[in-house]
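Single-letter residue listing:
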Amino acid sequence: SQTIHQWPATLVQPVGSPLSLECTVEGTSNPNLYWYRQAAGRGLQLLFYSVGIGQISSEVPQNLSASRPQDRQFILSSKKLLLSDSGFYLCAWSGGGGLIHQNIQYFGAGTRLSVL
Amino acid sequence: TQLLEQSPQFLSIQEGENLTVYCNSSSVFSSLQWYRQEPGEGPVLLVTVVTGGEVKKLKRLTFQFGDARKDSSLHITAAQPGDTGLYLCAGVRPGNTPLVFGKGTRLSVIA
């Protein structure tokens, strides 16, 4: 069966510090991968998605970047965190092939990031 | 502009009561997904509705997709404390564009 792992579960970082959140998927190959941010009282906002190694699409301009160094690994990064980067970050995967955004997505448990 | 409006935003009810939450849009969707999210966890898919007018049942949960595929509803019969959580709808638009999520309805069922 497929599983998705995200870490860390919680993170408190000072403004201006770097960020690296990691997400890995097991039990499937060539998944589509997604990073979302969920702010309090708001819905999920898609930040990045990837259909393959080294292929990253950005949905919103921001202080963050994403990388996919391996087939089942997706990393969310920042060189210098802002207060506005605080939120709940979710990684998700869906089956490869077909229309990427129409496939059912399976979410990780999320990382709660607080920037102080 | 929020493409998918969910209502109510918050709902607190007693165990055993019935409730309906709504997901509305002026846009047409190819399909619509409903998720439940518990605190500190990621959303978990409950159901996908695809055809206009479609009704799907999942135990005490009934999901309906509007005839025009612009809206959907979730009805829970005899709510239980285990139903507590954030209910999110997400719309799949025609073409290959990202899922659109509503802001969610936060349900609290009190024993």
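Below is a short write-up of the structure. (Residues numbered from 1 in each chain as written. Chains lettered and ligands numbered in written order. Predicted model: local features only at pLDDT ≥ 70, side-chain atom pairs only at ≥ 80, totals over all residues. Heavy atoms only, no water.)

### Structural notes on the overall build of chain B
Thought 1: Helix and strand content of chain B: 0 helices and 11 strands.
Thought 2: In sequence order, chain B lays out its α and β elements as β-β-β-β-β-β-β-β-β-β-β.
Thought 3: Over its C-alpha atoms chain B spans a radius of gyration of 13 Å, differing by no more than 12% from the 13 Å that the globule rule assigns to 111 residues.
Thought 4: In terms of overall dimensions, chain B has C-alpha extents of about 45 × 30 × 20 Å along its principal axes.
Thought 5: The buried share among the 111 residues of chain B stands at 44%.
Thought 6: Long-range contacts, defined as pairs at least 24 residues apart, comprise 54% of the intrachain contacts of chain B with a sequence gap of at least 6.
Thought 7: Here chain B holds 10 positive side-chain charges and 9 negative ones, and the gap between their average locations is 6 Å. (Helix = DSSP H or I, 4+ residues; strand = E, 2+ residues; numbered from the N terminus. Rg over C-alpha atoms; globule rule 2.2 N^0.38 Å. Buried < 20%, exposed > 50% of the residue type's maximum accessible area, 1.4 Å probe, protein only. Contact = heavy atoms within 4.5 Å. Lys, Arg positive; Asp, Glu negative; His and termini not counted. Charge placed at Lys NZ, Arg CZ, Asp CG, Glu CD.)

### Structural notes on the overall build of chain A
Thought 1: Across its full length, chain A holds 0 helices and 11 strands.
Thought 2: Of the regular secondary structure in chain A, the N- to C-terminal order runs β-β-β-β-β-β-β-β-β-β-β.
Thought 3: Since a compact globule built from 116 residues should have a radius of gyration of about 13 Å, the 13 Å found for chain A is in line with a globular shape.
Thought 4: By its C-alpha atoms, chain A is 40 × 25 × 25 Å across when sized along the principal axes.
Thought 5: Taken across its 116 residues, chain A has 48% of its residues classed as buried.
Thought 6: Counting only contacts in chain A whose residues sit at least 6 apart along the sequence, the fraction spanning at least 24 positions is 57%.
Thought 7: Counting only carbon and sulfur atoms, one obtains 53% of the accessible surface of chain A, whose full area is about 5,300 Å².
Thought 8: On chain A, the mean spot of the 7 positive side-chain charges and the mean spot of the 5 negative ones are 8 Å from each other. (Areas by Shrake-Rupley, 256 points an atom, 1.4 Å probe, with all protein chains shown as cover.)

### A short note on the sheet that holds strand 7 (residues 65–70) of chain A
All names here are of chain A.
Thought 1: On the basis of which strands lie adjacent, the open sheet formed by 4 strands has the order 1-3-8-7 and antiparallel pairing. In this open sheet, the two edge strands, each paired with only one partner strand, are strand 1 (3–7) and strand 7. Going across the sheet, the axis of each strand differs from the next one's by a mean of 20°, ignoring polarity.
Thought 2: Here strand 1 runs beside strand 3 (residues 19–26); their pairing, made up of 5 bridges, is antiparallel. Bridge pairing in strand 3 links Ile-4 to Val-25. (Pairing = 2+ DSSP bridges. Axes fitted to C-alpha atoms, helices over the stretch in contact; angles between N-to-C directions.)

### Focus on the pattern of salt bridges
Where charged atoms from two side chains of opposite charge come close, those side chains can pair.
Thought 1: Considering all chains together, one arrives at 4 salt bridges over all chains under this definition.
Thought 2: For Arg37(A), the salt bridge is made with Asp85(A), and the minimal N-O distance between the two is 3.9 Å. Of this pair, Arg37(A) sits in strand 4 (residues 32–38) while Asp85(A) sits in the loop between strand 8 (73–78) and strand 9 (87–94), and the two are 48 residues apart along the sequence.
Thought 3: Look at Asp85(A) and you get buried, because its relative accessible area is 4%.
Thought 4: For the salt bridge of Asp83(B) with Arg60(B), the shortest nitrogen-to-oxygen distance reads 2.9 Å. Here the residue Asp83(B) occupies a position in the loop between strand 8 (71–76) and strand 9 (85–92), and Arg60(B) occupies one in the loop between strand 6 (55–58) and strand 7 (61–65), the gap between them amounting to 23 residues.
Thought 5: Residue classification places Asp83(B) among the buried positions, given a relative accessible area of 4%. (Salt bridge = Lys/Arg side-chain N within 4 Å of Asp/Glu carboxyl O.)

### Focus on the sheet that holds strand 1 (residues 5–7) of chain B
Residue and element names in this part refer to chain B.
Thought 1: In spatial order, the strands read 1-3-8-7-6; together these 5 strands make up an open sheet with antiparallel pairing. In the strand order of this sheet, the two ends are held by strand 1 and strand 6, each with one partner. With direction set aside, neighbouring strand axes in the sheet form an average angle of 15°.
Thought 2: Inspection of the sheet shows strand 6 paired to strand 7 by 4 bridges, in the antiparallel sense.

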